[in-house]
Amino acid sequence: MEILVILVPLALMLGGAGLVAFLWSLKSGQYDDLDGAAWRAIADDEPPQEVPAKR
């Protein structure tokens, strides 16, 4: 039971650190453009070039 004296404050500190990190990410604009990054990942960099047909 003595271990709870260490584990409970440790868990509260880690939870608080996670909350602070999440609030910092909200304030710094990490979640402003969720769709833009997804479309940039799958968008082509340059249009495909047509290959001339051989006869």
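Residues numbered from 1 in each chain as written. Predicted model: local features only at pLDDT ≥ 70, side-chain atom pairs only at ≥ 80, totals over all residues. Heavy atoms only, no water.

(A) How the structure looks around the overall build of the protein. A count of helical and extended segments in the protein gives two helices and zero strands. Computed over its C-alpha atoms, the radius of gyration of the protein comes to 25 Å, more than 25% above the 10 Å expected for a compact globule of 55 residues. The C-alpha extent of the protein, read off along each of the three principal axes, is 85 × 25 × 10 Å. Counting over 55 residues, the protein shows a buried share of 4%. Split by element, the accessible area of the protein, about 5,700 Å² in all, is 65% carbon and sulfur. Taking the average location of the 4 positive side-chain charges in the protein and that of its 8 negative ones, the two points are 12 Å from each other. (Helix = DSSP H or I, 4+ residues; strand = E, 2+ residues; numbered from the N terminus. Rg over C-alpha atoms; globule rule 2.2 N^0.38 Å. Buried < 20%, exposed > 50% of the residue type's maximum accessible area, 1.4 Å probe, protein only. Areas by Shrake-Rupley, 256 points an atom, 1.4 Å probe, with all protein chains shown as cover. Lys, Arg positive; Asp, Glu negative; His and termini not counted. Charge placed at Lys NZ, Arg CZ, Asp CG, Glu CD.)

(B) Molecular detail of the environment of Gly29. As for its placement among the helices and strands, Gly29 is situated in the loop between helix 1 (4–27) and helix 2 (34–42). Residue class for Gly29 comes out partly exposed when judged on its relative accessible area of 24%.

(C) Just the environment of Glu46, in detail. Considering the arrangement of structural elements, one finds Glu46 in the segment after helix 2. The class for Glu46 is exposed, based on a relative accessible area of 59%. Each C-alpha atom, one on Glu46 and one on Lys27, is 34 Å from the other, the two residues being 19 residues apart in sequence.

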